[in-house]
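Summary of the model geometry
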Amino acid sequence: SAMSNEFYLVALMALPILGGLLVSVLPKGSPGLAKQVALGVSLLVLAVGVMAGLAYESGSADPFQLVAQWDWIPAWGVEFALGVDGISLVLILMTVILVPVCILAGWGDADGTSGTVRGYFAWILILEGLVLGVFAATDVFLFYVLFEAMLIPMYFLIGRYGGAQRQYAAVKFFLYSLLGGLLMLAALVGLYVLSIDQYGAGTFDYAALVGMDIDADIQKWLFLGFFIAFAIKAPMWPLHTWLPDAAAEAPPSSSVMLVGVLDKVGTFGMLRLCLPMFPDASKYFAPGIIILALVGIIYGALVALGQTDLKRLIAYTSVSHFGFIVLGIFAMTSQG
């Protein structure tokens, strides 16, 4: 029924965030309880994710399914709108499977660190809820807000629970991502102004923005605003330097979240926003982006060969792997 379909994506966002808040207020002297509650919440989210996957009808003509929509900031035409297509569903399932694994594998990650055990697992759950929201957002303003909000849990996971250089790594991660986010915000404001011109009222609705007819030169600037934000997030050479520091200093389970889930948000953004909204600009910049991707593939692999720290090794291989993904996206062929 329509009601239960609305429920899935809202539950996927709300359960981990509420679970994280619950874990954060558990008694301080019972770290074991915090871990068990966190694991229980993550398994519940996994169950909802699987149910959402089963409720999704592949082969349906609707671009987005399991849609949930409410007015959020009506004065700006902002809606709290969620929906999934095949791409986002796969990434949502990947996330809900990975988080319980991270919680189990990171059972002792917070022990003996400067932060509390309950804080660590609370941040992981809150991070999960925000990431699931990013993958499901069909309002571009909501996407942006969640994209920026994801920084906060990750900042604390690195900065409070990481290794010796954790403060440096956390601040570097935060500043890089914030810079990308500001460029995206500028492009988002530009899109909004264009939508007022074309529709008479401003909107951040994904389908409406994709349907706009944007001048080729303006497209280039807007494309760059989004693309650079995603290239930093991913990260793509030469904007990658925050990742090895962050991945090496973060606790292992947080590193997995960083490389396994957060980095995919960059790729997802390119597929979801850059290509459909700015098709001309995507074609225009494709040759240059492909060159950067090729450099990243080779550079990431060569630097990875010289690493003695396993987490740094994985970080550099993920820079290399990300080059392959970008190459696949901007080759603009079905094989890609």
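Residues numbered from 1 in each chain as written. Predicted model: local features only at pLDDT ≥ 70, side-chain atom pairs only at ≥ 80, totals over all residues. Heavy atoms only, no water.

As a further point, take the overall build of the chain. When helices and strands are counted, the chain shows 13 helices and two strands. Over its C-alpha trace the chain gives a radius of gyration of 20 Å, about what one expects of a compact globule, namely 20 Å for 336 residues. Principal axes of the C-alpha set define a box for the chain whose edges measure 60 × 50 × 35 Å. By residue count, 52% of the 336 residues in the chain fall in the buried class. Of the contacts made within the chain by residues no fewer than 6 positions apart, 76% connect residues no fewer than 24 positions apart. In the form shown here, the chain has an accessible surface area of approximately 13800 Å², with 70% of it arising from carbon and sulfur atoms. (Helix = DSSP H or I, 4+ residues; strand = E, 2+ residues; numbered from the N terminus. Rg over C-alpha atoms; globule rule 2.2 N^0.38 Å. Buried < 20%, exposed > 50% of the residue type's maximum accessible area, 1.4 Å probe, protein only. Contact = heavy atoms within 4.5 Å. Areas by Shrake-Rupley, 256 points an atom, 1.4 Å probe, with all protein chains shown as cover.)

Further remarks concern the pattern of salt bridges. A side chain of one charge can pair with a side chain of the opposite charge when the charged atoms of the two come close. In total, this model carries four salt bridges according to the counting rule given. For the salt bridge of Lys172 with Asp245, the shortest nitrogen-to-oxygen distance reads 2.8 Å. Of this pair, Lys172 sits in helix α7 (residues 166–199) while Asp245 sits in helix α10 (residues 242–249), placing them 73 residues apart in sequence. Look at Asp245 and you get buried, because its relative accessible area is 13%. In this structure, a network of salt bridges that share partners links the residues Lys172, Asp245 and Arg312. (Salt bridge = Lys/Arg side-chain N within 4 Å of Asp/Glu carboxyl O.)

A separate point is unusual backbone geometry. Cis geometry is found at the peptide bond from Ala234 to Pro235, where omega equals -10 degrees. Its place among the elements puts Pro235 in the loop between α9 (216–233) and α10. Cis geometry marks the peptide bond from Trp237 to Pro238, where omega comes out at 5 degrees. Looking at the secondary structure, you find Pro238 in the loop between α9 and α10. Residue Met332 is not a glycine yet carries a positive backbone phi of 55 degrees. Structurally, the position occupied by Met332 is in the segment after α13 (310–330).

So, on to helix α4 (residues 117–136). Across its 20 residues, α4 extends 29 Å between first and last C-alpha, which sits within 8% of the 28 Å expected from 1.5 Å per residue. The element α4 is largely enclosed, with a buried count of 18 among its 20 residues. (Expected span 1.5 Å × (residues − 1).)

On to a nonpolar patch on the surface, then. Where nonpolar side chains cluster on the molecular surface, the patch consists of Ile298, Leu302 and Leu305 and spans about 360 Å² of accessible area. For Leu302, the position within the fold is in helix α12 (residues 279–305). Given a relative accessible area of 55%, Leu302 falls into the exposed group. (Patch = residues over 30% accessible without salt bridge, like charges linked within 9 Å, V, L, I, M, F, W, Y side chains within 5 Å.)

To continue, consider the packing of α9 against helix α11 (residues 252–277). For any two helices packed against each other, one specifies the crossing angle of their axes together with the interaxial distance. The geometry of α9 relative to α11 is characterised by a closest axis approach of 8 Å and an angle of 160 degrees between their N-to-C directions. Judged by the angle between their axes, α9 and α11 are roughly antiparallel. In terms of crossing hand, the pair formed by α9 and α11 is left-handed. Here α9 contributes Phe223, Phe226, Phe227, Phe230, Ala231 and Lys233 to the contact with α11, which in turn contributes Leu262, Asp263, Val265, Gly266, Gly269, Met270, Leu273, Cys274 and Met277. (Axes fitted to C-alpha atoms, helices over the stretch in contact; angles between N-to-C directions. Parallel < 35°, antiparallel > 145°, perpendicular 65-115°, else oblique. Left-handed = near helix turned anticlockwise from the far one by under 90°.)

Turning next to the layout of surface pockets. For the largest pocket, the calculated volume is near 160 Å³. Around the largest pocket sit Pro63, Phe64, Val67, Gln69, Leu82, Thr138, Asp205, Tyr206 and Ala207, which together line it. For the lining of the largest pocket, the secondary structure elements donating two or more residues are β1 (65–73) and α8 (206–210). Here the lining of the largest pocket is built from residues that sort into six nonpolar, two polar and one charged. (1 Å grid on protein atoms, 1.4 Å probe; cavity = no way out; pocket = protein on both sides within 12 Å on 5 of 7 lines; lining within 4 Å. Points joined across faces, edges and corners; volume = space filled by probe spheres on them. Nonpolar A, V, L, I, M, F, W, Y, C, P; charged D, E, K, R; others polar.)

Turning to empty space enclosed by the protein, a few remarks are in order. Any empty space left between the atoms is revealed when a probe the size of a water molecule rolls over them. Under the criterion given, the structure shown has one cavity of 30 Å³ or more. Put simply, the largest cavity is a space of about 40 Å³. At the level of elements, α5 (140–149) and α11 are the ones that each hand at least two residues to the lining of the largest cavity. For the lining of the largest cavity, the element with the most residues is α11, which contributes three residues.

The N-to-C vectors of helix α3 (residues 86–105) and α4 enclose an angle of 175 degrees; their axes lie 9 Å apart at closest approach. Taken together, the axis directions place α3 and α4 in an arrangement best described as roughly antiparallel. Residue-level inspection shows Ser88, Leu91, Ile92, Thr95, Val96, Val99 and Ile103 of α3 in contact with α4, the latter providing Phe121, Ile124, Leu125, Glu128, Val131, Leu132, Phe135 and Ala136. Among the residues making up the contact of α3 with α4, the classes are represented as 12 nonpolar, two polar and one charged.

Each regular strand displays side chains that alternate between the two surfaces of the sheet. In terms of residue burial, strand β2 (residues 78–84) counts as a mostly covered element, since five of its seven residues are buried. Sheet topology note: the β1/β2 ladder contains six bridges and is antiparallel. Considered in β2, the bridge of Gln65 is made with Val84. Between β1 and β2, which pair antiparallel in sequence order, lie four residues; one of them, Gly77, sits at a positive phi of approximately 70 degrees. (Pairing = 2+ DSSP bridges.)

So, on to the side chain of Ser318. Relative to the helices and strands, Ser318 resides in helix α13. Contacts of Ser318, omitting those with residues within four sequence positions, involve Leu243, Val259 and Asp263.

By themselves these figures say nothing about function.
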